[in-house]
Amino acid sequence: MIEVTAKLSRGSVFLAGETLQCFLKFTNISTTTEQSETIAWASAQVHCFCSVNDARVVLPPSIAANKLQKSNATSHVTSLVPQGDEQGHCVLQTPVKILFCALELAPGQSKIFHYTEVIPSDGAPTYKGPSCKYSYKLTVGTQRVGTTIKLLRIPFRVLVVYGLTEYQLNEEQIPSNPFLERTKTKAELLDTASEILSTITSRRSSKTYKIANSRGLMGIFSLMKTSAKLGDDIVGVFNFAVGTIPCVQYTVSLQSEEILAEECQRNNKQGNAVMSYGKQVDFCLYADHINLIVPIPLHIAPSFLTDLVCLKWRLHFEFVTATGPLKGLDLETGQQQGDRMWQGPGHIKTETMPWDVPIQVLPTMPTQAENIATSQNLYTLHF
């Protein structure tokens, strides 16, 4: 019996355009025979699969043509169909790389192969939403002489930093002095990505919003910056002291809005799909200022755009405001009225007002995203 083990050299999270490296170990674990085992061949290839919710999505012809059908394993004894047993549509694949041919292993003998491949920079990030899903897998195909083909699939996560490739090309075009020793080679992709993300998210692009309705001003909200990486916190401040409408409480959640391309919508009245993360509730009656901190989870997909879907992010607020008088405490001075102990009113007439603030969620570095990766590090196949 042959055992194949695969291990990615640096976790399971990568940037688009980065080089994926995988170590593959082929071992003859037979103990009942002294005969050697011969493996006819082995190959590896990277795929990106797209599966959709047929109730919401009509695929464009460019993707629908790549629909994957389940294959009968016995019908592919001599031909390799790496994506044949996958559900959905193959939207991206790298050329097949042959690892070896006619490998003979004695009992207990092992052989290690090193596979490398550049993840295409024009693909979609890993994403799982209400309407569609993008997933990446490294597929290893192998076959013993006289047996059927076996496949080992290794899932991994891809993050996309837009403009990364163009940024590196611009750096290469900078002329160098031929009389000076060149000390800086082409910038490493991870270093370049870190520089781009840090530059965008470190900008102090604070914005101030007035929150009001038909009855007047409720308050002012200041957002320190509108772009943040996965794992960062969104920080804001409410100023209710300037408001003329008392706010009793507010609810905030981080929301993703999945916008399908118009030609891909099953029903033009179905609307966009919205998902919420990390709901927070805070009571703010009689408060002048309140700080707001909303963490961005590491496991979500950052903002992205493909021919099929556009993913946007926002802060969704719901304000509960009082529509009637509040008895028992003077709103101007905050002092108790009369000589009785003040108690909160038992009934308040209120109304709820929704409000959205768009933000940009950017990728983070793979090493940080790896901290929450739940996938296993070692994958095994026996045949």
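Just so it is clear, the model here is predicted, and its values are computed rather than measured.

Our focus in this paragraph is the overall build of the chain. Scanning the chain from N- to C-terminus turns up four helices and 21 strands. Of the contacts formed within the chain by residues at least 6 apart in sequence, a portion of 76% connects residues at least 24 apart. In the structure as shown, the chain presents an accessible area of about 20600 Å², 51% of it carried by carbon and sulfur atoms.

Once that is clear, we can look at the packing of aromatic side chains. Enumeration over the complete set of coordinates arrives at 20 aromatic pairs. Geometrically, the ring pair formed by Phe 14 and Phe 156 is edge-to-face, given 5.9 Å between the ring centres and 90 degrees between the ring planes. One end of the pair, Phe 14, is in strand β2 (residues 13–15); the other, Phe 156, is in strand β10 (residues 150–159), and 142 residues separate them in sequence. When its relative accessible area of 1% is taken as the criterion, Phe 14 is described as buried. Here Phe 26 and Phe 113 contribute two aromatic rings whose centre-to-centre distance is 5.8 Å and whose plane-to-plane angle is 80 degrees, an arrangement assigned as edge-to-face. Here Phe 26 is found in strand β3 (residues 19–28), whereas its partner Phe 113 is found in strand β7 (residues 110–118), with 87 residues between them in sequence. Both residues of the pair, Phe 26 and Phe 113, count as buried. These aromatic residues form a ring-pair network of at least three members: Tyr 209, Phe 221, Phe 238, Phe 240, Tyr 250, Phe 317, Phe 319 and Trp 355.

Within a sheet, neighbouring strands are paired by backbone hydrogen bonds and run either parallel or antiparallel to one another. Strand order across the open sheet formed by four strands is β7-β3-β1-β21, with antiparallel pairing between neighbours. In this open sheet, the two strands that pair with only one neighbour each are β7 and β21 (378–382). Within this sheet the neighbouring strands show an average axis-to-axis angle of 20 degrees, counted without direction. Pairing analysis gives five bridges linking strand β1 (residues 2–8) to β21, with the strands arranged antiparallel. Bridge pairing links Glu 3 to His 382 in β21.

What follows is about the nonpolar core. Residues Leu 308 and Phe 317 are the most contacted members of the largest nonpolar core, which totals 92 residues. The element best represented in this core is strand β4 (residues 37–52), accounting for seven residues. Among residues more than four places away in sequence, those in contact with Leu 308 are Cys 50, Val 52, Val 57, Leu 59, Pro 60, Cys 132, Tyr 134, Ile 259, Leu 260, Ala 261 and Cys 264.

Before going further, it helps to examine the confidence of the model for the chain. Put simply, the chain has an average pLDDT of 83, and 80% of its residues get 70 or more. Here helix α2 (residues 164–172) stands out as the least confident element of the chain, with mean pLDDT 62; β7 is the most confident, with 95. In this model, residues 173–177 is a region of pLDDT below 50 whose contacts with residues beyond four sequence positions or in other chains number one contact. Within the model, the stretch residues 330–334 combines pLDDT values under 50 with five contacts to residues more than four positions away or in other chains.

For the rest of this paragraph, the subject is the pattern of salt bridges. Scanning all chains against the criterion turns up six salt bridges. With a shortest N-O distance of 3.2 Å, Glu 351 and Arg 215 are connected by a salt bridge. Within this pair, whereas Glu 351 is found in strand β20 (residues 350–362), its partner Arg 215 is found in the loop between β11 (207–213) and β12 (216–223), the two being separated by 136 residues in sequence. Each of the salt bridges in this network shares a partner with another, and the network as a whole consists of Glu 257, Arg 314 and Asp 356.

As a further point, take the sheet that holds strand β17 (residues 289–295). The strand order across the open sheet formed by four strands is β11-β12-β14-β17, and the pairing between neighbours is antiparallel. Two strands bound the open sheet, and with one partner strand each, they are β11 and β17. Adjacent strand axes in the sheet meet at a mean angle of 25 degrees when their direction is disregarded. One ladder, built from seven bridges, connects β11 with β12; its direction is antiparallel. The residue bridging Thr 208 from the neighbouring strand is Ser 222, located in β12.

This part covers helix α3 (residues 189–201). Taking 1.5 Å per residue as the helical rise, α3 with its 13 residues ought to reach 18 Å, and the 18 Å between its terminal C-alpha atoms agrees with that figure. For α3, the set of buried residues is Leu 189, Thr 192, Ala 193, Ile 196, Leu 197 and Thr 201. Looking straight down α3, one finds its buried side chains confined to an arc of 150 degrees; they lie on one side.

Reading the values: the criteria
- Residues numbered from 1 in each chain as written.
- Predicted model: local features only at pLDDT ≥ 70, side-chain atom pairs only at ≥ 80, totals over all residues.
- Heavy atoms only, no water.
- Helix = DSSP H or I, 4+ residues; strand = E, 2+ residues; numbered from the N terminus.
- Contact = heavy atoms within 4.5 Å.
- Areas by Shrake-Rupley, 256 points an atom, 1.4 Å probe, with all protein chains shown as cover.
- Phe/Tyr/Trp six-rings, centres within 6.5 Å; stacked < 30°, edge-to-face > 60°.
- Buried < 20%, exposed > 50% of the residue type's maximum accessible area, 1.4 Å probe, protein only.
- Pairing = 2+ DSSP bridges.
- Axes fitted to C-alpha atoms, helices over the stretch in contact; angles between N-to-C directions.
- Core = buried A, V, L, I, M, F, W, Y, C linked by side-chain atoms within 4.5 Å.
- pLDDT = per-residue confidence, 0-100.
- Salt bridge = Lys/Arg side-chain N within 4 Å of Asp/Glu carboxyl O.
- Expected span 1.5 Å × (residues − 1).
- Arc of directions from axis to C-beta.

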